[in-house]
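Per-entry structural report
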Amino acid sequence: MATKNTVAILGPGGTGGLLAALLSRSGHRVICLAREETADALRRTGIQVRSRQFGDFTAPIEADAELREPVDACLIAVKHTALDAALTRVPPAALGDALVVPLLNGVEHPAALRARYRPERVAPAVIRVESTRLAPGVIEHGSPFTEIDLAGDGVPRPRLDGLAATLASAGVTARATEDETAALWAKMAFLAPFALLTTRYGLPLGEVRTRHREELESLVAETAAVSRACGAPADPARALARYDAFPPGAKSSMQRDAEAGRPLELDAIGGALLRAAGRHGVPVPVAARLVDEVRAAGH
């Protein structure tokens, strides 16, 4: 059995709320960090989860507008568009020896977090899950899986293994990986074509992969080339097979944000891809055009 830990969750939305509830249910102490009105609601009602994988349950949690004590780990589960404002809830002096574990899309946020917190305690992670916040403290978990790959160049391996054990004790499929760049780019290489095309055309993946097949193949090839230039392996054929295996109704989170009128993670995904391509001299004409077209649409 994993040691009982204290875990802070910055951003108890679809992803953060699910992890908070799972950790609390398995006996860990959880402190959710959110706006005061959200924190009040969470303290009163806990977090209610409806899940295909874990069933329906309610878990009590603590909540505050700011971290006020050392914790074992702080999971950052806000979107990139809200990151700077959210980080004011986590003063560096309050963290103690905690691991800082961002679950964000993109590849540029680890450097920003290492500039703010202890670099050897920043452990970027990649999460695969479909989970939505319906209201404060009400989470609908739709995917039959919840998987996290932990990384962190310079983070002591025993710390990563310990956090993986904590997450596994809560029911998450968690593992520590050796290569941070490979882990982050593995997600980026899949997410960027998915997000850009579904958002640009306002279509689910099934229609994108048939009606816009040539663009999908070109974008996958461009993204794979950038990934390889950054030092991460990439397999375009395997990526295309993954898109083809996805449910046809699948939508990207960026597309859902566009439909709801929320800010898009366009810079964190598309912008970061173009900047990496520019640094390494990799031509990405399809990606550049799609980023421009999504931006011009004024989402």
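Residues numbered from 1 in each chain as written. Predicted model: local features only at pLDDT ≥ 70, side-chain atom pairs only at ≥ 80, totals over all residues. Heavy atoms only, no water.

1. Here we look at the sheet that holds strand E12 (residues 173-176)
Spatially, 3 strands are ordered E8-E11-E12 in an open sheet, and the strand pairing comes out mixed. Each edge of the open sheet carries a strand with a single partner, namely strand E8 (125-128) and E12. Each adjacent strand pair in this sheet contributes to an overall mean axis angle of 10°, direction not counted. The sheet contact formed by E8 and strand E11 (residues 147-150) spans 4 bridges and is antiparallel. Across the sheet, Ala125 pairs through a bridge with Leu150, a residue of E11. Where helix H5 (residues 157-169) meets the sheet, its contacts fall on E11 and E12, and the angle it forms with E12 comes to roughly 175°. (Pairing = 2+ DSSP bridges. Helix = DSSP H or I, 4+ residues; strand = E, 2+ residues; numbered from the N terminus. Axes fitted to C-alpha atoms, helices over the stretch in contact; angles between N-to-C directions. Contact = heavy atoms within 4.5 Å.)

2. With respect to the pattern of salt bridges
Under the defined criterion, the tally for this structure stands at 28 salt bridges. We note a salt bridge from Arg275 to Glu108, for which the minimum N-O separation is 2.8 Å. Residue Arg275 is located in helix H11 (residues 266-280), and its partner Glu108 is located in the loop between strand E7 (99-102) and helix H4 (109-116); the two are separated by 167 residues in the primary sequence. The class of Arg275 is partly exposed, set by a relative accessible area of 32%. By relative accessible area, Glu108 is classed as partly exposed at 31%. Between Glu178 and Arg157 there is a salt bridge whose closest N-O contact spans 2.6 Å. Separated by 21 residues along the polypeptide, Glu178 in the loop between E12 and helix H6 (180-201) and Arg157 in helix H5 bring together distant segments of the chain. (Salt bridge = Lys/Arg side-chain N within 4 Å of Asp/Glu carboxyl O. Buried < 20%, exposed > 50% of the residue type's maximum accessible area, 1.4 Å probe, protein only.)

3. Focus: H6
Here H6 contains 22 residues, and its C-alpha end-to-end distance of 32 Å stays within 8% of the 32 Å for a straight helix at 1.5 Å per residue. At Leu191, H6 shows its maximal kink, close to 30°; a proline, Pro193, follows between one and four residues later. Burial analysis of H6 places 17 of its 22 residues in the buried class, which makes it a mostly covered element. N-capping of H6 is provided by Asp179, with a side-chain oxygen placed 3.1 Å from the backbone N of Thr181. Directly after H6, the chain includes Gly202, whose backbone phi takes a positive value near 60°. (Expected span 1.5 Å × (residues − 1). Bend = angle between axes of the 7 residues up to and from the residue. Polar contact = N/O pair within 3.5 Å; in protein donor to acceptor, adjacent residues only side chain to side chain.)

4. Comments concerning the packing of H6 against helix H8 (residues 213-229)
Look at H6 against H8: their axes get within 9 Å of each other, and the N-to-C directions meet at 150°. Taken together, the axes of H6 and H8 are roughly antiparallel relative to one another. With respect to the hand of their crossing, H6 and H8 are arranged in right-handed fashion. Every residue of H8 that contacts H6 at Trp185, Met188, Ala189, Pro193, Leu196, Leu197 and Tyr201 is listed here: Glu215, Leu216, Leu219, Val220, Thr223, Val226 and Ser227. Split into classes, the residues belonging to the contact of H6 with H8 amount to 11 nonpolar, 2 polar and 1 charged. (Parallel < 35°, antiparallel > 145°, perpendicular 65-115°, else oblique. Left-handed = near helix turned anticlockwise from the far one by under 90°. Nonpolar A, V, L, I, M, F, W, Y, C, P; charged D, E, K, R; others polar.)

5. Description of the side chain of Arg121
Within the secondary structure, Arg121 is located in the loop between H4 and E8. With near-sequence residues (within four places) excluded, Arg121 lies in contact with Asp97, Ala98, Leu99, Val100, Val155, Pro156 and Arg159.

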